Amino acid sequence: MSDFASVVEFIRSQFPRSDTVPLHAPSFGPEERHNLLECLDSTMVSTIGPFVDRFESEVARLSGRRYGIAVINGTVALQMALRAAGVKEGDEVLTQPLTFVATANAIVHSGAHPVFIDVERESLGLDPDSLQLYLERNSEVIQGRRVSKQTGRRIAACVPVHVFGHPCRIDRIAEICSAFAIPLVEDAAEALGSTYLGRPCGSFGSLAAFSFNGNKIVTAGGGGVVVTDDESCAKWLKHITTVAKIPHPWEYDHDEVGFNYRLPNINAALVVGQLSRFAEILVKKRHLAQNYLDFFTGLGMAGVREPDGARSNYWLNSLLTKNVGERDQMLKTMVDHGVMGRPAWRLMHKLPMYASSPRSSLTNAEWLEERLVALPSSTPLSN
Ligand SMILES: *Cc1c(COP(=O)(O)O)cnc(C)c1O
């Protein structure tokens, strides 16, 4: 049997109850049913209700932060985190090209321009050395502001991504950002429950964003959370994402142009149910990942593992094929046999809207794009 065929057979053995094996499907239990019925019975399905508060404090707790602010999706969470970090119209924000398009889009939605810095092969995340080199060579301080030599724009934030739940070298990145006085905002959309050097992903930057989309490790149907330790920042975020309404028993008064980004209670109810099993989900994720990694080791293939010092939630398992052609052969064999796989995202600088964005050399990102295959990673409830 070819290696590709044995990978397919192995994946089928891990998901024996699925006809076609999806890349990532949620699974729901009695807690979700109970919470959703509670929403219906109380009529609290919309923008007011107790599940939103419970969701916010649970995500804050899991990410080691003081405050969580729930919003309608992860993209908006990132956009608002950038605004809270002080990003303004016309600024630049450093990020990585290997990410879901939402990262770059959120930068643009916050009024800024993305700049792409290379990733590391091991962690798939922003490479601290490339970041430092880029800043040393391509930026300078003018009148107290760190600006790009190339564009003259202020460099207002740095957004590394914890790809597939694997922590990037966020401690080094945080050191560099602080040395260059650049606010750090983590795109932790995929990394709820992951830790680096014993600290949760999402606890390193001044702010972080999580996503609770249907394909993430736990889902609200759709949703996002911004986390921070700064009380006034948290208050401003809550205010601006809820149409900037001044709390009052009957008056409708607003003090700035707010956003209607508030998460409905019914979405929070679903994810609060999911989070009640979060510890169990993490155990299952790591168990599946270990099975994959052991299997690949046996075949002499390179599974992507958590980097040194990191504990990954293994949201999405993946492997690196030896060359470009192999990647597509692998994907074709999987799809032909009803097993969903996908390559890494098309790199951001290859998308038409970001083709002219400033960037460092991106050789690692390109190397990974040519080789990476993401694998089915759902964690069904056991019965
Ligand atoms: C999912 C995701 C987002 C955006 O989240 P949505 O809830 O889909 O808007 C942002 N960044 C990364 C890396 C993601 O995977």
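Above this text is the structure in question.
Each value, and the rule that gives it
Residues numbered from 1 in each chain as written. Predicted model: local features only at pLDDT ≥ 70, side-chain atom pairs only at ≥ 80, totals over all residues. Heavy atoms only, no water. 1 Å grid on protein atoms, 1.4 Å probe; cavity = no way out; pocket = protein on both sides within 12 Å on 5 of 7 lines; lining within 4 Å. Points joined across faces, edges and corners; volume = space filled by probe spheres on them. Helix = DSSP H or I, 4+ residues; strand = E, 2+ residues; numbered from the N terminus. Nonpolar A, V, L, I, M, F, W, Y, C, P; charged D, E, K, R; others polar. Core = buried A, V, L, I, M, F, W, Y, C linked by side-chain atoms within 4.5 Å. Buried < 20%, exposed > 50% of the residue type's maximum accessible area, 1.4 Å probe, protein only. Contact = heavy atoms within 4.5 Å. Polar contact = N/O pair within 3.5 Å; in protein donor to acceptor, adjacent residues only side chain to side chain.

Engineer: Before we move on, can you summarise empty space enclosed by the protein with the specific residues and values?
Structural biologist: Regions of empty space are outlined by a rolling probe, equal in size to a water molecule, passed over the atoms. This structure, assessed with the given rule, holds one cavity of 30 Å³ or more. Computed from the structure, the largest cavity encloses a volume of approximately 120 Å³. In terms of lining, the largest cavity is formed by 14 residues, of which the most central are Ser 27, Ile 217, Gln 274, Ile 281 and Thr 379. Counting residues per element, the lining of the largest cavity draws most heavily on helix H10 (residues 278-299), which supplies three residues. Each residue belonging to the lining of the largest cavity can be placed in one class, and the counts come to six nonpolar, four polar and four charged.

Engineer: Quick rundown of the nonpolar core? Include the residues and the values.
Structural biologist: Grouped together as the largest cluster of nonpolar side chains are 46 residues, with contacts concentrated most on Phe 55, Val 59, Leu 192, Phe 212, Val 218 and Leu 275. Elements supplying a minimum of two residues to this core: helix H3 (50-62), strand S10 (207-211), strand S11 (224-228), helix H9 (265-275), H10, helix H12 (363-371) and strand S16 (372-375). Those residues in contact with Phe 55 that lie beyond four places of it in its chain are Ala 70, Phe 212, Gly 224, Val 225, Leu 263, Ala 268, Val 271, Val 272 and Leu 275. Membership of the second largest hydrophobic core comes to 27 residues, among which are Ala 77, Val 93, Ala 234 and Leu 237.

Engineer: Can you tell me about the environment of Lys 350, naming the residues and giving the values?
Structural biologist: Looking at the element boundaries, Lys 350 is found in the loop between strand S15 (342-343) and H12. For the pair formed by Lys 350 and Pro 97, sequence separation is 253 residues and the distance between their alpha carbons is 8.8 Å. Those residues in contact with Lys 350 that lie beyond four places of it in its chain are Glu 366 and Glu 369. Of note is the side chain of Lys 350, whose polar atom sits 2.6 Å from the side chain of Glu 369.

So far we have only geometry, and geometry alone does not tell us how the molecule works.
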